[in-house]
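As a plain string of letters, each chain reads:
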Amino acid sequence: MHWLEHRIPPPVVVLVCAALMFWIGWHDPLINLGIIWRVLLTPLIFAWGTVIAVAGLEQFKKHDTTLNPMHPERLRTYVRSGIYGYTRHPMYLGMAICLGGWAVALSSPIAGFVGITVFVLYMNRFQIGPEERILAERYPEEYAEHIRKVRRWW
């Protein structure tokens, strides 16, 4: 299934997972978080995910490297500073956290579990795995050191 590698942009994967979560939430008996909790927690979780993702984008801009995840071969610099000192894939982590916020908004832990799991599994196999192969080939020493110090997701 190598043909799926770098074929679907990560934001599209997030939207597909969010739609799947909506469908599950529609059919799943909801837990009652209460509107107050949903109104308070959802924006906080979305903000947390957005801050993490934007921190990753800013580091890429700062190092003048490609922001296009569909073409990791265009990478000019291997970024390890800033948020990349805590997670190797902050943009994807931020997206996963935002899906968690969507699960809270839906009041559906099952939808959250399924949607986030599908997102993480898809990203690990078809986006992150191929990206990491390219990094290991282009920056073997720096990449090996980085993966020893920093986890993939967090």
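Higher on the page you've got the structure.
Keep in mind that what you see is a predicted model, and the values were worked out from it rather than measured.

Phi at Asp64 takes a positive value of approximately 50°, unusual for a residue other than glycine. Along the polypeptide, Asp64 turns up in the loop between helix H2 (35-62) and helix H3 (90-106). Despite not being glycine, Ser107 has its phi angle at roughly 60°, a positive value. Of note, Ser107 is situated in the loop between H3 and helix H4 (109-138). Taking the relative accessible area as the measure of exposure, Ser107 reaches 1% and is therefore buried.

Geometry of a packed helix pair, given as the angle between the helix axes and the separation of the axes. Put simply, H3 and H4 touch, their axes get as near as 9 Å, and they point 165° apart. In terms of orientation, H3 and H4 fall into the roughly antiparallel class. The two elements H3 and H4 cross, and the hand of that crossing is right-handed. Mapping the contact onto sequence places Tyr92, Met95, Ala96, Leu99, Gly100, Ala103 and Leu106 in H3 and Ala111, Gly112, Gly115, Ile116, Phe119, Met123, Gln127, Ile128 and Glu131 in H4. Residue classes in the contact of H3 with H4 are distributed as eleven nonpolar, four polar and one charged.

Attention shifts here to a nonpolar patch on the surface. Judged by side-chain polarity, Ile35, Ile36, Val39 and Leu40 come together as a nonpolar surface patch covering roughly 400 Å² of accessible area. Looking at the secondary structure, you find Leu40 in helix H2.

Here we take up the nonpolar core. Within the largest apolar cluster, 25 residues are counted, with the highest numbers of intra-cluster contacts made by Leu99, Phe119, Met123 and Trp153. At the level of elements, helix H1 (10-27), H2, H3 and H4 are the ones that each hand at least two residues to this core. If one sorts the elements of this core by residue count, H3 sits on top with nine residues. The contact partners of Phe119, leaving out residues within four places of it in the chain, are Pro10, Val13, Val14, Cys17, Tyr92, Met95, Ala96, Leu99 and Trp153. Core analysis: the next-biggest nonpolar cluster, separate from the first, contains ten residues, Leu75, Ile83, Tyr84 and Met91 among them.

Looking now at the pattern of salt bridges. Side chains bearing opposite charge may pair, as long as their charged atoms lie close to each other. Within the structure shown, the criterion is met by six salt bridges. Asp64 is the partner of Arg76 in a salt bridge, and the nearest nitrogen-oxygen pair spans 3.1 Å. Remark: Asp64 occurs in the loop between H2 and H3 and Arg76 occurs in the loop between H2 and H3; sequence separation between them is twelve residues. Given a relative accessible area of 58%, Arg76 falls into the exposed group. Its salt-bridge partner being Glu145, residue Lys149 comes within 2.9 Å of it at the nearest N-O pair. Of the two residues, Lys149 and Glu145 are both situated in helix H5 (residues 140-149); the distance of four residues between them amounts to about one turn of the helix. Looking at Lys149, the relative accessible area reads 63%, which means it is exposed.

What follows is about H4. End to end, H4 covers 40 Å across 30 residues, agreeing with the expected 44 Å (1.5 Å per residue, within 8%). The largest bend along H4 reaches roughly 45° and is located at Asn124.

Moving on to the packing of aromatic side chains. This model, assessed by the stated rule, comprises seven aromatic pairs. Ring centres of Phe60 and Tyr84 lie 5.5 Å apart, and the angle between their planes is 20°; on these two criteria the pair is classed as stacked. Linking Phe60 in helix H2 with Tyr84 in the loop between H2 and H3, this pair joins segments that are 24 residues apart in sequence. Taking the relative accessible area as the measure of exposure, Tyr84 reaches 4% and is therefore buried. Judged by centre distance (6.4 Å) and plane angle (70°), the ring pair of Phe119 and Trp153 falls under edge-to-face. Of this pair, Phe119 sits in helix H4 while Trp153 sits in the segment after H5, placing them 34 residues apart in sequence. Both residues of the pair, Phe119 and Trp153, count as buried. By way of ring pairs, the aromatic residues Phe22, Trp26 and Trp102 are connected into one cluster.

Calculation notes
- Residues numbered from 1 in each chain as written.
- Predicted model: local features only at pLDDT ≥ 70, side-chain atom pairs only at ≥ 80, totals over all residues.
- Heavy atoms only, no water.
- Helix = DSSP H or I, 4+ residues; strand = E, 2+ residues; numbered from the N terminus.
- Buried < 20%, exposed > 50% of the residue type's maximum accessible area, 1.4 Å probe, protein only.
- Axes fitted to C-alpha atoms, helices over the stretch in contact; angles between N-to-C directions.
- Parallel < 35°, antiparallel > 145°, perpendicular 65-115°, else oblique.
- Left-handed = near helix turned anticlockwise from the far one by under 90°.
- Contact = heavy atoms within 4.5 Å.
- Nonpolar A, V, L, I, M, F, W, Y, C, P; charged D, E, K, R; others polar.
- Patch = residues over 30% accessible without salt bridge, like charges linked within 9 Å, V, L, I, M, F, W, Y side chains within 5 Å.
- Areas by Shrake-Rupley, 256 points an atom, 1.4 Å probe, with all protein chains shown as cover.
- Salt bridge = Lys/Arg side-chain N within 4 Å of Asp/Glu carboxyl O.
- Core = buried A, V, L, I, M, F, W, Y, C linked by side-chain atoms within 4.5 Å.
- Expected span 1.5 Å × (residues − 1).
- Bend = angle between axes of the 7 residues up to and from the residue.
- Phe/Tyr/Trp six-rings, centres within 6.5 Å; stacked < 30°, edge-to-face > 60°.

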